[in-house]
Amino acid sequence: MNWQKFLNGGKSKGAVAPRARAVVPETPGAVAVAPVAGPVARSAEASRPLGAEQSRRRTLVIGLDSFDMPLAESFMQEGLMPNLARLKTQSACCKVQDGHEKYSGLAWEYFSTSMHPANGGRWSPLEFNPDTYEIQQRPVQIAPFLAELAARTVVFDVPYCDITQAEKVQGLTRWGAHDPGVPEQSRPANLRSEIARRFGAYPALKDIYGFCWPSAKRTRELSDRLARAATLRGKVMRWMLEEKFPDWELGVVVVGESHSAIEPLWHGVDPTHPLYSIPSGPEAAKGLRKIYNAIDGLIGELQSAFPDATLAVFSSHGMGANHADVAAMALLAELTYRWQFNEPYMRPRKWSKTLPNGIPLLNENDRWHDSIVPMVPYPPEGEPGGKWNCSWMPVTRYARFWPKMKAFAIPSYYDGRLRINLQGREAQGVVPREEYERVRDTLMADLKNLRNSATGEKAVADIWCPKSDDPLGIGPTEADLYVIWQGNPYGLACPKAGEVGPLPCRRPGGHTGKFGFLYLHGKEVRAGDYGVASSFEVVPTLLDLMGEKRPAQVHGNSLWPQMRMRVEKAA
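Just so it is clear, the structure is predicted and the values come from calculations on it, not from any experiment.

K.L.:
I tried to follow the overall build of the protein chain on my own but got confused; where do I start?
P.N.:
Secondary structure summary: the protein chain contains 14 helices and 22 strands in total. Counting all 571 residues of the protein chain, 60% fall into the buried class. Here the protein chain has roughly 21,700 Å² of accessible surface; of this, 50% comes from carbon and sulfur atoms.

K.L.:
Help me understand the sheet that holds strand β17 (residues 481-485), please; the structure alone is not making it clear to me.
P.N.:
The sheet built from 4 strands is open, its strands ordered β13-β14-β17-β16 with antiparallel pairing. Only two strands of the sheet have a single neighbouring strand rather than two, namely β13 (407-410) and β16 (460-464). Ignoring which end each strand starts from, the neighbouring axes of this sheet average 25° apart. Pairing of strand β14 (residues 416-420) with β17 involves 3 bridges; the strand directions are antiparallel.

K.L.:
In this structure, what is going on with the nonpolar core? I would like to understand it.
P.N.:
One broad rule of soluble globular proteins: the nonpolar side chains tend to lie buried together. The biggest cluster of nonpolar side chains holds 74 residues, and the ones touching the most others in it are Trp-402, Leu-447, Leu-450, Leu-481, Trp-485 and Leu-503. The biggest single contributor to this core is helix α10 (residues 325-341), with 11 residues. Those residues within four positions of Leu-447 in sequence are excluded, and the remaining contacts are Leu-332, Trp-339, Leu-418, Val-460, Ile-463, Leu-481 and Val-483.

K.L.:
Looking at this model, I keep getting lost on helix α2 (residues 69-77). Mind explaining?
P.N.:
Count 3.6 residues to each turn of an α-helix, and residues three or four apart come out pointing the same way. Of all the residues in α2, the buried ones are Met-69, Leu-71, Ala-72, Ser-74, Phe-75 and Met-76. The N-cap of α2, judged by a side-chain oxygen 3.1 Å from the amide nitrogen of Leu-71 a few residues on, is Asp-68. Looking one or two places after α2, you find Gly-79, whose phi comes out positive at around 85°.

K.L.:
Any chance you could explain the pairing of strand β1 (residues 59-64) here in plain terms?
P.N.:
A regular strand places its side chains on the two faces of the sheet in alternate fashion. For β1, the buried fraction is high: 6 of the 6 residues fall into the buried class. Because side chains alternate across β1, one face comprises the buried residues Thr-59, Val-61 and Gly-63, and the other comprises Leu-60, Ile-62 and Leu-64, equally buried. Bridging between β1 and strand β9 (residues 310-315) involves 5 bridges; their strand directions are parallel. Considered in β9, the bridge of Ile-62 is made with Val-313.

Rules behind the numbers
Residues numbered from 1 in each chain as written. Predicted model: local features only at pLDDT ≥ 70, side-chain atom pairs only at ≥ 80, totals over all residues. Heavy atoms only, no water. Helix = DSSP H or I, 4+ residues; strand = E, 2+ residues; numbered from the N terminus. Buried < 20%, exposed > 50% of the residue type's maximum accessible area, 1.4 Å probe, protein only. Areas by Shrake-Rupley, 256 points an atom, 1.4 Å probe, with all protein chains shown as cover. Pairing = 2+ DSSP bridges. Axes fitted to C-alpha atoms, helices over the stretch in contact; angles between N-to-C directions. Core = buried A, V, L, I, M, F, W, Y, C linked by side-chain atoms within 4.5 Å. Contact = heavy atoms within 4.5 Å. Polar contact = N/O pair within 3.5 Å; in protein donor to acceptor, adjacent residues only side chain to side chain.

The following block contains the structure:
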C-alpha cells in the first residue's frame, strides 16, 4: 500500500544494589511484599554471556506497545518523527516477529518473563476450566527476568511485569498501560503518590480502551489526551532516572499510548478499511499523527537526557486492520451453536445506518457492547458465563450450552478459538477420543467454507491445530483449533448455517501487522541492517550488551555475537 499517498489530509563493575523497600498497595488489589534480606539467588544453570567480563553498560529500553513501523516510516517521511528517523540511521536494526505467539495477546508477558509459552505454559490470559466450563482472565504468575539481574533496575509501566517477585527492582506498574497484566504495584511505596503530586494523574485513563470511532468529536478528544499522555510519560521517566533513581543501570519504560491509539483510530489511515470514509476518519488520521509525533518526542527527550546509555527501542509486532473482534467474539459462537442445534440463538436486529455493502454503522453515541447485548440472551447468574471478568464478550453467553456441544468457541482477542468437548479432558465431554480427528476435520472443512458476507471472499486465512497429536495434553489456556481471520469479516456466510451477522465494527485496528522492530544504539553497537529476528531474541541480546548473566528462564538466542563480530571487523 502507498502510505504516503493516502496519509495526507556505566556504572562500576560489581556495584551492589541498594536494599529493596516494601511494595505497599496504594489501591484495592495492589500487592504488598516484605523487604528482601539479601540478593536473589541465581540459578546454577544460568549461562554467562559474551563480554560478561566487561562492566555492565547503562542501558535504556523503550518498548513501544503495538506500534506499527510501516505507519511510522510514512510519518518519518512527512517529518513528524525526526528522532526515530535519526535513530534508525545510527542503530543496529532488525525486523522483529513473534509468529503465532502474537495471537496470544501476551507479548509483554513473554518479554517480562522472557519465557516462551511452550515453557511458561500460557497461550492466553484467558483460562478455561474443563471441570466447570468457566473462563477467567488472569494476571501474570511468573517472576520477571529482571528479578535475577545484578543491574540496578528501574521500570515504568511495563505490562505483565510483577515487581512483587523482583525485590530489587524500583518503579511502578499500571500507570497508563494498555492491558497491564498486573495490579498496581509501587516500589518504593510512595512512588505512585509522588508522581501524582509532581505530574498529576494520567490524562488518558478512559482512553486506554477507548471506543470513539462513531464520533468525530470523541475521536479528536481521545487523540488529544493520548498525545498529552505520551508526552507526560517521557517527562515522568526522565524524572525517575535523573532525580529519583540516578544510580540506575537498566531503565525500562513501555509506551502504552501507541496501543491505545491504533485500535480505535486505524480506519483513518487505511483507505481499504470499511470505515475509512466515515466522518471520524480524518480526525483519526490527524490523531495518529499527533500521537506518533508525541511518542517521537518521548524518544528524543530520553535519548538526549542519557546520551551515555545504550538505547534499545523495540516493538514485538506490527498492527493493521482488525479482522478478529466481531468474528471471534460473536459470530463464531453463533456458528458453532447452529452447527450443533440447527437453529439460531442470536436474535436479528435492524440497524439505523449501514454502509453500502450492508455493514452496520453505530450511531455517534452508541457503544458496541451495548448494541450487541439485546441480540444474545444473557445467561442467568450462577450459570457458566454469568459472572466472568470477560463476560462482556458475546461469546460467553453461549457457555450454558458448551457441556452439550461437540465443539464451541471460547473467548479470544486476536483470533478465533475452538475447544472440542473431549471425553477424558472436559468434565462433560461428548466426543470420544476415537472420534476426535473426524470432528476436528469436519470443523476445519466448515471453517474453510466460510465467506465474508460483505465481499463474498474467504473469511479464514489459516487454521492452526498445534496439538492434534496430543489432544488430551491441551491445557487451560489453549484451544484445539485456532482460526486466523482475514478481510474484516463483520458477517459470515456458511453453506450449512446460513448467514450470521453482519454486526458493526468494534475496534478498527488490530494485531495483524507482520513485523515489529528493534533499534539498538550505542558506542559498541555498529549500525546496520541485521535482518529478521524473533521477538524472543530481544531480551538475550540486551543481557549480553549489558554484560549480565543470563537467568535460566530466559528463552531465545542473542543477536550480540553477530553484532560483536561486525564491531571487531570494523576495529
